[in-house]
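Structural characterization, general
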Amino acid sequence: MTTFPLRRLHLRSGEERHDHVSIQLEPFELGGERYLPVPDAVAADLAIQRATGGDMFRLRFQVRLHGPCMRCLEDAVVDRPIEVSEYHEPGAADDELRSDYVADELLHLSAWARDAISFALPDQILCRPECAGLCPLCGRNLNLEPHEHEDEPGDTRWSVLEELRQSLE
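Brief notes about helix 1 (residues 109-120)
Between its terminal C-alpha atoms helix 1 stretches 16 Å, which fits the 16 Å expected from twelve residues at 1.5 Å a residue. For helix 1, the set of buried residues is Leu-109, Ser-110, Ala-111, Trp-112, Ala-113, Ala-116 and Ile-117.

This is the structure:
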């Protein structure tokens, strides 16, 4: 887990510090599938600005995740630019003014990056936008083998109800 020590910062109100950091990223579990960041360590720009009551943190990096398509299970790749900010006021009574990523004078960059990536992900990770998925009857990949199945005959025990439905239409 990548952290950044805040203890060594000697900023006065209004001053800003920029650092280039390498952040270790963890694999994601999403929808029961595992998505791997490639590479697993990314170069990021970290900016820290001292405000009157606390610190403003900004983090910017590019991420690429590899994993299965949610429709056909083939390989899918998601590229996302990540740009997030976080405010932390030590000793603030209001929880909203304290960052969850700051503890013991350390900024937990890996946890912050993981959460930022999760918010930037699309609702569905697909190999391509027009992915047809898997056939619900036979399980074959409809992208490779587009096909249709003939309607199976219905259960004869329901035939009386089917006749009634048709007579009411």
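Quick look at the packing of aromatic side chains
The way to describe two aromatic rings as a pair is by their centre distance and the angle between their planes. Applying the stated criterion across every chain yields a total of one aromatic pair. Centroid distance Tyr-101 to Trp-112: 6.1 Å. Interplanar angle 25 degrees. Geometry classified as stacked. With Tyr-101 in the loop between strand 7 (75-88) and strand 8 (102-103) and Trp-112 in helix 1, this residue pair connects regions lying eleven residues apart in the sequence. We note that Tyr-101, like Trp-112, is buried. Over the ring of Phe-4 we find Arg-8; its NZ or CZ atom is 5.1 Å from the centre of that ring.

Looking at the sheet that holds strand 9 (residues 106-108)
Judged by pairing direction, the sheet is antiparallel, and its three strands sit side by side in the order 1-9-8 without closing on themselves. Edge positions in the open sheet fall to strand 1 (3-5) and strand 8, since each of these has one partner strand only. Contacts from helix 1 reach strand 1 and strand 9, with the element oriented near 30 degrees to strand 9.

Focus on the pattern of salt bridges
Counted according to the given criterion, the structure contains 15 salt bridges. For Asp-55, the salt bridge identified is with Arg-50, shortest N-O distance 2.4 Å. What you see here is one network of salt bridges that share partners, running through Glu-26, Arg-114 and Asp-115.

Here's the deal with the confidence of the model for the chain
Fine structural detail should not be taken from predicted coordinates in areas where pLDDT scores are low. With 99% of its residues at a pLDDT of 70 or more, the chain shows a mean pLDDT of 91. Mean pLDDT per element in the chain: strand 3 (residues 28-30) is the minimum at 86, and strand 6 (residues 55-68) is the maximum at 96.

Observations concerning the environment of Tyr-35
By secondary structure assignment, the location of Tyr-35 is in strand 4 (residues 33-37). With relative accessibility at 1%, the residue Tyr-35 sits in the buried group. Those residues in contact with Tyr-35, other than ones at most four positions away along the chain, are Pro-27, Phe-28, Leu-30, His-66, Gly-67, Pro-68, Met-70 and Ile-125. Polar side-chain contacts of Tyr-35 include one of 2.7 Å to the backbone oxygen of Pro-68.

Calculation notes
Residues numbered from 1 in each chain as written. Predicted model: local features only at pLDDT ≥ 70, side-chain atom pairs only at ≥ 80, totals over all residues. Heavy atoms only, no water. Helix = DSSP H or I, 4+ residues; strand = E, 2+ residues; numbered from the N terminus. Expected span 1.5 Å × (residues − 1). Buried < 20%, exposed > 50% of the residue type's maximum accessible area, 1.4 Å probe, protein only. Phe/Tyr/Trp six-rings, centres within 6.5 Å; stacked < 30°, edge-to-face > 60°. Lys NZ or Arg CZ within 6 Å of the ring centre and 35° of its normal. Pairing = 2+ DSSP bridges. Contact = heavy atoms within 4.5 Å. Axes fitted to C-alpha atoms, helices over the stretch in contact; angles between N-to-C directions. Salt bridge = Lys/Arg side-chain N within 4 Å of Asp/Glu carboxyl O. pLDDT = per-residue confidence, 0-100. Polar contact = N/O pair within 3.5 Å; in protein donor to acceptor, adjacent residues only side chain to side chain.

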